[in-house]
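Geometric and topological summary
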2 protein chains.
Amino acid sequence: MSLESQLKSLSLVGDLLEHAAPANNDEWASILATQTVPASYELTKTLVFKPKTPKSQTPVPVVVIALNSSATPSSVIAKATNTKDPRLAATDLVAEFFGGIAPADVGALSVTSDNAEKIKVVLDSLIAEAKDDLIVAVHPSAAAKTAFIKAVDLAAQLNATGVEVITVNFAEAASAAPAPACTPTPKKEAAPTAATDAKIDGAALIGITVDKDLDFPGWYSQILTKGEMLDYYDVSGCYIMRPASYFVWEQIQEFFNLKIKSIGVRNSYFPMFVSSRVLEKEKDHIEGFAPEVAWVTRAGKSELEEPIAIRPTSETVMYPYYAKWIRSHRDLPLKLNQWNSVVRWEFKHPQPFLRTREFLWQEGHTAHLTFDEANTEVLQILDWYEAIYRELLAVPVIKGKKTEKEKFAGGFFTTTCEGYIPTTGRGIQGATSHCLGQNFSKMFNITVENPEGPEKPKIFAWQNSWGLSTRVIGVMVMVHSDNKGLVLPPRVAETQVVVVPVGLTAKSTPEQRKEIQDSCRKIEADLAAAGVRVTGDYRDNYSPGWKFADWELRGVPLRIEFGPQDLKKQQLIAVRRDNGAKLTFGLDTFVSSVQAELEKIQVDLYDKAKASFDGHITKADSLDKFVPALNTKNVVLAPFCGEEACEDEIKDKTARQGQEGVEVDEKAPSMGAKSLCIPFDQPELAAGTKCVGCGQPAKFHTLFGRSY
Amino acid sequence: MSLESQLKSLSLVGDLLEHAAPANNDEWASILATQTVPASYELTKTLVFKPKTPKSQTPVPVVVIALNSSATPSSVIAKATNTKDPRLAATDLVAEFFGGIAPADVGALSVTSDNAEKIKVVLDSLIAEAKDDLIVAVHPSAAAKTAFIKAVDLAAQLNATGVEVITVNFAEAASAAPAPACTPTPKKEAAPTAATDAKIDGAALIGITVDKDLDFPGWYSQILTKGEMLDYYDVSGCYIMRPASYFVWEQIQEFFNLKIKSIGVRNSYFPMFVSSRVLEKEKDHIEGFAPEVAWVTRAGKSELEEPIAIRPTSETVMYPYYAKWIRSHRDLPLKLNQWNSVVRWEFKHPQPFLRTREFLWQEGHTAHLTFDEANTEVLQILDWYEAIYRELLAVPVIKGKKTEKEKFAGGFFTTTCEGYIPTTGRGIQGATSHCLGQNFSKMFNITVENPEGPEKPKIFAWQNSWGLSTRVIGVMVMVHSDNKGLVLPPRVAETQVVVVPVGLTAKSTPEQRKEIQDSCRKIEADLAAAGVRVTGDYRDNYSPGWKFADWELRGVPLRIEFGPQDLKKQQLIAVRRDNGAKLTFGLDTFVSSVQAELEKIQVDLYDKAKASFDGHITKADSLDKFVPALNTKNVVLAPFCGEEACEDEIKDKTARQGQEGVEVDEKAPSMGAKSLCIPFDQPELAAGTKCVGCGQPAKFHTLFGRSY
């Protein structure tokens, strides 16, 4: 039996991904355990760390293979391997050492004699010293596959590859180290298979274990998954929007629907499929999207006669019908919007919400008789996008126009809301509202008779398209959240307030418990009646402290604590998630106090983020100032000529300078500066001001930055 | 140059579909006009009619080739060809005579010496007798392609094929025939290229030209497109939901979201893509869907390593994550819902809303600790589905359980709302709520520890899934609408009331006009302030009669007419769309009268449909009674044993009997009776009652019928 078919027959869940099988891991084949799911087994995890390494040296990745229930803090790994500051390795490093696979796909079997000399293994003593009957589940080569192997065989084969194996008793090591301040401690609940000692450490995994400033991508991933906003999915680049994030999206839908319906936009739904003929009609436009288009070529067992594309956006889907429906100037304006998903099969590294292969958005497509009307609408929509950021997500953005280089493919001009991620100092495109001019109407023949008379030339419609996607949720999370977990603005938080009973001890009587619980439920009911989204946490198997940490992780804006002391004083304690401030409200007036505080949190979050953005806009009159500014997490406002060639040059020069200068972290590569936008709010341009790039006369100030 | 490349170079819009090119239409190649778009040309249309033909004879299709601006009523065609009752030919007939292509793809060039002897051509005299310089645009072989040809060449080549050509002056013929009662007459607007005589006839196309009872599919298609609910799309089986139908969907979303959120269901969004491994995990389940799954195999120019499916439903998409998220009985119940689109690439004839390759729906997926809890929810959801039909769409449905044969693939049992289409007498599945039992939880390992203690066996979650799709909109349209157009229930009508000024003549003074308009706007404003969705029609280029017909076409439930006489009498006239009743309301009280009338229309629509459904449920105690009942548009309630084999037999026997009996219309094929449901509301089953199929003891009454 071939290795592949052996592995296949062992696999719990189906076929192996062929690319993921390392060339010679048939050295593992003979010891894989059983062909069926064993009656009992333990799950394992495999993590790849990269210790801090001088630039001149090749890093030696540390592969940690441990039971799933063992906590594996990086401090313990640092100590065991005598390395400095090991962090989860970046994708490209993993790809380099493990034959092109992604970090999540590295499993115990990825260690082979091929890479044995270049890496180290840290092995959980619960595996290394297991009894003969312990069977463990491992990933043969991809995260979604499972194979079974005896723990003793696993340990023996690791040694046989020649790799350096360091055995660590994680339970012991972790209980020796102090738990991080934010780690909640469970009272009873723990993973069913964990030993008593491991319980606390297992629980440590509930909190965020990565520092926002030190490992932003790792932090972001933990924040989203542990905060239950999102889960990773087994098709790369696709993610599950869990209720907490979908709720944010529903708030945005409600807000925006009201606005656009007020100007006569109507919702509709166009098919997700496009024929290639229609897709390719507008050449400039399709050039921008073609490399990312997903094609359906088969249905059931039948090959389709013609492949059919999944829309990357709907201009070419909709406009043939606009041409059909618009017969007279009385049919204008035509204003349609749809809430849908689009697919852009990007091959760049995907990032939850920010760059995903399928994403949700709204796309508005309107046709007007005159440019003025189209132009007014483009700006109106942009204002509403800014309002979504400001009023709902508490995120400041800068409105402006895109440069010629960055505008929408095939459009006339593009307006944009540009955001800023303080931790990385990078700009991010927040939402765009395009005036397409008459370009598409000429391609698709969207014309009306001239209202001034049939002898006058026909008029091609002036068109707009505008879209805002679930990316906004990622921006919101990146801007506000911290090392304790999510921080959600009250207006979009599914749960705005959590009520937690406190101050009950082993000595409390059942009557006391009931009294406090009843009061908490009354607090809950009063808030709910006032329209506050509130929940109470009456779980009896967790301590208040554990609950605090749990709700902090989920970003609930305000926590109410209520116990016997509070009952006595006829008060309650409210703790703000954003700044930890403790407030005392009277039991007779707390409803309005809570409502006011939620509003205040919303405003404070915005103000804080605004101050951060404002404080990181550096003016520059020469390119020399760009790189130092970018490296200190600034965006740069500079006079600019507007020319594409000059913009290319600026990007190029600032990228090269970046590489020569400061040391570069692989996770925040020093990219060149792109133009973010030409802000509507322009500083005065003194006569004779020169373009920062080419020295020709500047036309306006432009905001440049590293960008997502 | 080959024919194909000639045609390609002529094509305005792209490549030819190869399957659509008849074998020898190179006889046309030499006369195709120019390779570029001519400066001026006329559009043409080609329609295939089938006259009524005795069953024993082969029908002779009539191909009508006319200018697009010519009205081509079937009465004129009947007279010209001396045939009876010609109707637009069905798909299979067209396929038979024109080499497998669809009706929409038949063009003038589809007439060749191959089929010349089997068909007739009716040629518009505006083409047959055109001057030499008239160039016409024709479809070479597919609806979306265009080629140009001189009208004289077109006529000559048609004659050259040997086909019988009958020339008709449509303008003359149509003006001789009386216009149908419902045809609105435009005052000014007309297609820009039409001759004066053709204007009225062109306008006739605005109204419904097909009788609901005589050609139900043709009527349905016109109702939807002319009522602007939907448009056909250039990917087969996909349709555009225009604002009027999407609005209905939004009302359903709002209604249902409120209901399900009240029992703790949370909305979320899972990816549209599924890996084949996951899709195929539950074998019975996937067997039901596999033949219809659309596969993405390519992105940009890269072949994917593994093809990826587009979800046909999300059980297997979601449940691996349910297994991950549900760790303890405290994580139950887990109740998620999503509003999304799914793809089922059916190869059967598609029908708007009823059978489409992509459709919108909601799918709820819940997991519970006990069967009782799951069972309660399944029935609760079904009640809400029934409420959507009754309260929003004014459509009666019968709640019940599906038989074993008809239940959801892989589920435990299926409950359903079954509707009834009076015009065809066929049942239609309205929405289903499934209890999946523990089948999926066993496949996906969704387990929790037994709350009674870890020594007790683990518990597999009890799961439900339930879905309601945009099919409901099709059912609503089929049930209520009539030969004047759509009839929309007020609760889901985007426009509930239209205000039309009347009674103004050429002699009315500007002051009188203004007075009436101002009053109309006041009526509008008062209604809008009371929450009525109202619009006013102040277009000055249409007569009131034309406007009446236009709004009737769109199904607006109530029309308000207001003119000088009404002003004098301080009243307004309200006309109900559903029954044409004229009501007079006082100007001081009309707001509440209108609101009450809208409610009454809602109720009356339901009651009328309910009476029709109730009146077509026939009880039968033997199979002999099935076919006569089905042929008179009944569904049949009969005692049944519940066995799959017996159900197959019933279907088989009633199908065969049908074919021997009455003459069969190709558009309403006499299919066998399927079980629709086992109604919850059961008549008494007398002891010893036998199954209508096999004579074994009956277990319950079951509703049978022809079905969509």
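Residues numbered from 1 in each chain as written. Chains lettered and ligands numbered in written order. Predicted model: local features only at pLDDT ≥ 70, side-chain atom pairs only at ≥ 80, totals over all residues. Heavy atoms only, no water.

1. Observations concerning the overall build of chain A
Helix and strand content of chain A: 21 helices and 30 strands. In chain A, which comprises 708 residues, the share counted as buried stands at 57%. Counted over contacts in chain A with a minimum sequence separation of 6, partners at least 24 positions apart contribute 70%. (Helix = DSSP H or I, 4+ residues; strand = E, 2+ residues; numbered from the N terminus. Buried < 20%, exposed > 50% of the residue type's maximum accessible area, 1.4 Å probe, protein only. Contact = heavy atoms within 4.5 Å.)

2. A word on the packing of aromatic side chains
What the rule picks out here adds up to 48 aromatic pairs over all chains. Residues tyrosine 319 of chain A and phenylalanine 444 of chain A carry aromatic rings whose centres are separated by 6.0 Å and whose planes lie at 85 degrees to one another, so their mutual orientation is edge-to-face. Here tyrosine 319 of chain A, found in helix α12 (residues 315–325), pairs with phenylalanine 444 of chain A, found in helix α14 (residues 439–444); they are 125 residues apart in sequence, far enough to count as distant. The pair formed by tyrosine 319 of chain A and phenylalanine 444 of chain A is uniform in burial state, with each residue classed as buried. Arranged with centres 6.1 Å apart and planes meeting at 45 degrees, the rings of tyrosine 321 of chain A and tryptophan 325 of chain A form a pair that is tilted. With tyrosine 321 of chain A and tryptophan 325 of chain A both in helix α12 and 4 residues apart, the pair spans about one turn of that helix. Exposure remark for tyrosine 321 of chain A: the relative accessible area of 10% places this residue in the buried category. Each residue in the set Tyr233 of chain A together with Phe270, Tyr319, Tyr321, Tyr322, Trp325, Phe440 and Phe444 of chain B is aromatic and connected to the rest through ring pairs, giving one cluster. Lying across the ring of tryptophan 551 of chain A, arginine 554 of chain A places its NZ or CZ 5.6 Å from the centre. (Phe/Tyr/Trp six-rings, centres within 6.5 Å; stacked < 30°, edge-to-face > 60°. Lys NZ or Arg CZ within 6 Å of the ring centre and 35° of its normal.)

3. Section: the relation of the copies chain A and chain B
Laying chain A over chain B is done by rotating through 180 degrees and shifting 0.1 Å along the axis; what remains is an RMSD of 0.2 Å. The transformation just described matches what one would write down for a two-fold rotation axis. It is valine 296 of chain A whose C-alpha, among those of chain A, lies nearest the rotation axis, at 2.1 Å. When the interface residues of chain A are mapped onto chain B, 97% of them again fall at the interface, so both copies present the same face. (Least-squares fit on C-alpha atoms with pLDDT ≥ 70 in both.)

4. Notes on the domain arrangement of chain A
Residues and elements named next belong to chain A. Here the domain parsing of chain A yields domain 1 (3–175), domain 2 (252–271 + 311–478), domain 3 (490–613) and domain 4 (617–705). Each of domain 2 and domain 4 was reduced to a C-alpha centroid, and the two centroids are 27 Å apart. Each partner contributes residues to the interface: domain 2 has 21 residues there, and domain 4 has 18 residues. Taken over both partners, the interface formed by domain 2 and domain 4 buries close to 1,600 Å², and the fraction arising from carbon and sulfur atoms is 64%. Considering only the side of domain 2, the residues that lose the most area to domain 4 are Ile398, Thr403 and Lys405, jointly responsible for 32% of the buried surface there. Counting the contacts that link domain 2 with domain 4 gives 1 salt bridge. Of the charged contacts, one joins aspartate 648 and lysine 405 as a salt bridge, the two residues approaching to 2.9 Å between their closest N and O atoms. Inspection of the domain 2/domain 4 interface yields 8 residue pairs in polar contact (both at pLDDT 80 or more). (Domains from an automatic or database assignment. Buried area = accessible area lost by both parts, 1.4 Å probe. Salt bridge = Lys/Arg side-chain N within 4 Å of Asp/Glu carboxyl O. Polar contact = N/O pair within 3.5 Å; in protein donor to acceptor, adjacent residues only side chain to side chain.)

5. Brief notes about the interface of chain A and chain B
In this assembly, 71 residues from chain A lie in contact with 71 residues from chain B. Overall, the association of chain A and chain B removes approximately 6,100 Å² of surface from exposure, summing both partners, and the carbon and sulfur fraction of that is 55%. Three residues stand out in chain A for area buried against chain B, namely Tyr269, Phe273 and Arg277 of chain A, and they jointly supply 11% of the buried area on that side. Counting across the chain A and chain B interface gives 8 salt bridges. The partner of aspartate 231 of chain A in a salt bridge is lysine 324 of chain B, with the nearest N and O atoms 2.8 Å apart. The tally of links from chain A across to chain B stands at 31 residue pairs in polar contact (both at pLDDT 80 or more). Looking at the side of chain A that touches chain B, the element that brings in the most residues is strand β13 (residues 302–310) of chain A, giving 7 residues. The residue makeup of the side of chain A that touches chain B, split by class, is 40 nonpolar, 12 polar and 19 charged. (Nonpolar A, V, L, I, M, F, W, Y, C, P; charged D, E, K, R; others polar.)

6. Observations concerning the sheet that holds strand β22 (residues 497–501) of chain B
Residue and element names in this part refer to chain B. Taking strand neighbours across the sheet as the criterion, the 5 strands line up as β23-β22-β24-β25-β26 in an open arrangement whose pairing is mixed. The open sheet has two free edges, formed respectively by β23 (534–536) and β26 (582–586), since each of these has just one partner strand. Across the sheet, the mean angle separating the axes of adjacent strands is 25 degrees when strand polarity is ignored. When β22 meets strand β24 (residues 558–562), the two strands line up parallel, connected through 5 bridges. Note that in β24 the partner of proline 501 across the bridge is phenylalanine 562. Each of β22, β23 and β24 touches helix α17 (residues 544–553); the most contacted strand, β22, lies at about 170 degrees to it. Contacts from helix α19 (residues 590–614) reach β22, β24, β25 (571–576) and β26 within the one sheet, and its direction differs from that of β26 by about 150 degrees. (Pairing = 2+ DSSP bridges. Axes fitted to C-alpha atoms, helices over the stretch in contact; angles between N-to-C directions.)

7. Observations regarding the UniProt feature "domain: Aminoacyl-transfer RNA synthetases class-II family profile" (unreviewed entry) in chain A
With numbering aligned to this structure, UniProt lists the feature "domain: Aminoacyl-transfer RNA synthetases class-II family profile" (unreviewed entry) at residues 237–489 of chain A. Strand forms 32% of residues 237–489 of chain A and helix 32%; the C-alpha atoms that close the span are 27 Å apart. (UniProt positions renumbered as here; feature names shortened; annotations may be inferred.)

8. Quick look at the side chain of glutamate 418 of chain A
Residue placement: glutamate 418 of chain A occurs in strand β17 (residues 413–421). Among the polar contacts listed, one links the side chain of glutamate 418 of chain A to the side chain of lysine 402 of chain A, at a separation of 2.8 Å.

9. Some words on the environment of valine 60 of chain B
Residues and elements named next belong to chain B. Secondary-structure assignment places valine 60 in the loop between β1 (42–50) and β2 (62–67). Using a relative accessible area of 35% as the deciding quantity, one classes valine 60 as partly exposed. For the pair valine 60 and serine 236, spaced 176 residues apart in sequence, the C-alpha separation works out to 27 Å. Leaving out residues up to four positions away in the same chain, valine 60 has contacts with Pro51, Lys118, Ile119 and Lys120.

10. Examining the pattern of salt bridges
Throughout the structure, instances matching the rule amount to 71 salt bridges over all chains. For glutamate 404 of chain B, the salt bridge goes to lysine 407 of chain B, with nearest N and O atoms at 3.2 Å. Classification of lysine 407 of chain B by relative accessible area gives partly exposed; the value is 23%. Across the pair aspartate 537 of chain B and arginine 539 of chain B runs a salt bridge whose closest N-O atoms are separated by 2.9 Å. The class for aspartate 537 of chain B is buried, based on a relative accessible area of 2%. Look at the salt bridges and you will find they share partners, linking Glu228, Arg242, Asp537, Arg539, Lys547, Asp550 and Arg554 of chain A into a network.

11. Considerations on the packing of helix α9 (residues 243–262) of chain B against helix α15 (residues 471–480) of chain B
Residues and elements named next belong to chain B. Where α9 contacts α15, the two axes come as close as 10 Å, and the packing angle between them is 115 degrees. In terms of axis orientation, α9 runs roughly perpendicular to α15. Where α9 crosses over α15, the handedness of that crossing is right-handed. Of α15, the residues touching α9 (which contributes Ser245, Val248, Trp249 and Ile252) are Val472, Ile473 and Met476. Residues belonging to the contact of α9 with α15 are distributed by class as follows: 6 nonpolar, 1 polar and no charged. (Parallel < 35°, antiparallel > 145°, perpendicular 65-115°, else oblique. Left-handed = near helix turned anticlockwise from the far one by under 90°.)

12. Let's talk about the sheet that holds strand β22 (residues 497–501) of chain A
Residues and elements named next belong to chain A. The strand order across the open sheet formed by 5 strands is β23-β22-β24-β25-β26, and the pairing between neighbours is mixed. The open sheet is flanked by β23 (534–536) and β26 (582–586), the only strands paired with a single partner. Within this sheet the neighbouring strands show an average axis-to-axis angle of 25 degrees, counted without direction. Taken strand by strand, helix α17 (residues 544–553) contacts β22, β23 and β24 (558–562), and its axis lies near 170 degrees from that of β22.

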